[in-house]
Amino acid sequence: SNTSRLILRARNAEYYEDTKDYAYVIDMEQKKVITAVEADLNYSYAMISPDGKTINASDQVYVEQPNGTWKKLPLSKQEANTLQFHTASPLFFTTKGTTISFYSTTDGTLQSTLQTERELYPIDTDQVTGHLYGTSYNQLFIYNSSTGQLVNKLDLAGGTIVFLYNNTLYSGTRYLKL
């Protein structure tokens, strides 16, 4: 995170029924564990938001509360599995079909939803403009994540991997200013 917080997964070395795996949030400046959440770490990931207030460990999403406790959000495993942190705003988003839901990383509340023309994969956000983008069937879709409006739709060559930064589309050694 941008706040000197780190998330670590601790897989239990012994596989007894009464032992648990944990994900730990550590404040590197204070040199202490902020929270430990039980997590089935058969999954290979744990993520922390840039502001250090939201974690996703093993398809379970937690948001730090003002009193320092961590609240588990009622998201389905499918939604938690699609969770990504917005690169330009204190938000995270989940995907369910063509619906993208944006939540606050500070309190976990639903902020808005966006309906896409097609189911997009992979989905990311432009770090400068905040636009959300993703591909489907050799087409790139770019949406304004604040208004939900389609900003641009481009045809891509089959198998092309793209990256959007400051309204410039990058692919391999080439780029296109939009």
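Quick note: structure is the one above.
Everything quoted here is computed from the prediction, not taken from an experiment.

Peer 1: Would you explain the packing of aromatic side chains in this entry?
Peer 2: How two aromatic rings sit relative to each other is given by the distance of their centres and the angle of their planes. This structure, assessed with the given rule, holds five aromatic pairs. Seen in terms of ring centroids, F85 and F92 are 6.5 Å apart; in terms of plane orientation they differ by 75 degrees. Their pairing is edge-to-face. Taking the relative accessible area as the measure of exposure, F92 reaches 0% and is therefore buried. The interplanar angle of 35 degrees and the centroid separation of 6.0 Å between the aromatic rings of Y170 and Y175 together place this pair among those described as tilted. Look at Y170 and you get partly exposed, because its relative accessible area is 34%. Each residue in the set F85, F92 and Y103 is aromatic and connected to the rest through ring pairs, giving one cluster.

Peer 1: Any chance you could explain the sheet that holds strand β14 (residues 139-143) here in plain terms?
Peer 2: Picture the strands of a sheet paired through backbone hydrogen bonds; they go either parallel or antiparallel. Here we have four strands laid out as an open sheet, ordered β12-β13-β14-β15, and antiparallel in their pairing. With one partner strand each, in any of the chains shown, β12 (123-125) and β15 (150-155) form the two edges of the open sheet. Going across the sheet, the axis of each strand differs from the next one's by a mean of 20 degrees, ignoring polarity. Here strand β13 (residues 132-136) runs beside β14; their pairing, made up of five bridges, is antiparallel. Directly across from T135, in β14, lies its bridge partner L140.

Peer 1: Please explain a nonpolar patch on the surface as it appears in this structure.
Peer 2: A contiguous nonpolar surface patch, about 500 Å² in accessible area, is contributed by V128, F163, Y165, Y170 and Y175. Topologically, Y165 is positioned in strand β16 (residues 163-165). When its relative accessible area of 35% is taken as the criterion, Y165 is described as partly exposed.

Peer 1: What is the right way to read the pairing of strand β11 (residues 110-115) from this model?
Peer 2: The side chains of a regular strand alternate, residue by residue, between the two faces of the sheet. Here five bridges tie strand β10 (residues 99-104) to β11, and the two strands are oriented antiparallel to one another. Across the sheet, S101 pairs through a bridge with T113, a residue of β11.

Peer 1: What am I meant to see in the pattern of salt bridges here?
Peer 2: Oppositely charged side chains can pair when the atoms bearing their charge come close. Tallying each qualifying case throughout the model produces three salt bridges. The partner of R5 in a salt bridge is E64, with the nearest N and O atoms 2.7 Å apart. With R5 in strand β1 (residues 5-10) and E64 in strand β6 (residues 60-64), this pair connects stretches of sequence that are 59 residues apart. There is no split in this pair, since R5 and E64 are both buried. The residue K53 makes a salt bridge to E64 at a minimum N-O spacing of 3.5 Å.

Peer 1: Explanation requested: the pairing of strand β5 (residues 54-57) in the structure shown.
Peer 2: Taking every second residue as pointing to the same face, both faces of β5 are buried, with T54 and N56 on one and I55 and A57 on the other. Bridging between strand β4 (residues 46-48) and β5 involves three bridges; their strand directions are antiparallel. Bridge assignment links M47 to a residue of β5, and that residue is N56. Hairpin connection between β4 and β5: a loop of five residues separates the two successive antiparallel strands, and G52 in this loop has a positive phi of roughly 75 degrees. The pairing of β5 with β6 spans four bridges and is classified as antiparallel. Looking across to β6, one finds that T54 is bridged to V63. A loop of two residues connects β5 with β6, the two strands running antiparallel in sequence, and S58 in this loop sits at a positive phi of about 55 degrees.

Definitions and limits used
- Residues numbered from 1 in each chain as written.
- Predicted model: local features only at pLDDT ≥ 70, side-chain atom pairs only at ≥ 80, totals over all residues.
- Heavy atoms only, no water.
- Phe/Tyr/Trp six-rings, centres within 6.5 Å; stacked < 30°, edge-to-face > 60°.
- Buried < 20%, exposed > 50% of the residue type's maximum accessible area, 1.4 Å probe, protein only.
- Pairing = 2+ DSSP bridges.
- Helix = DSSP H or I, 4+ residues; strand = E, 2+ residues; numbered from the N terminus.
- Axes fitted to C-alpha atoms, helices over the stretch in contact; angles between N-to-C directions.
- Patch = residues over 30% accessible without salt bridge, like charges linked within 9 Å, V, L, I, M, F, W, Y side chains within 5 Å.
- Areas by Shrake-Rupley, 256 points an atom, 1.4 Å probe, with all protein chains shown as cover.
- Salt bridge = Lys/Arg side-chain N within 4 Å of Asp/Glu carboxyl O.

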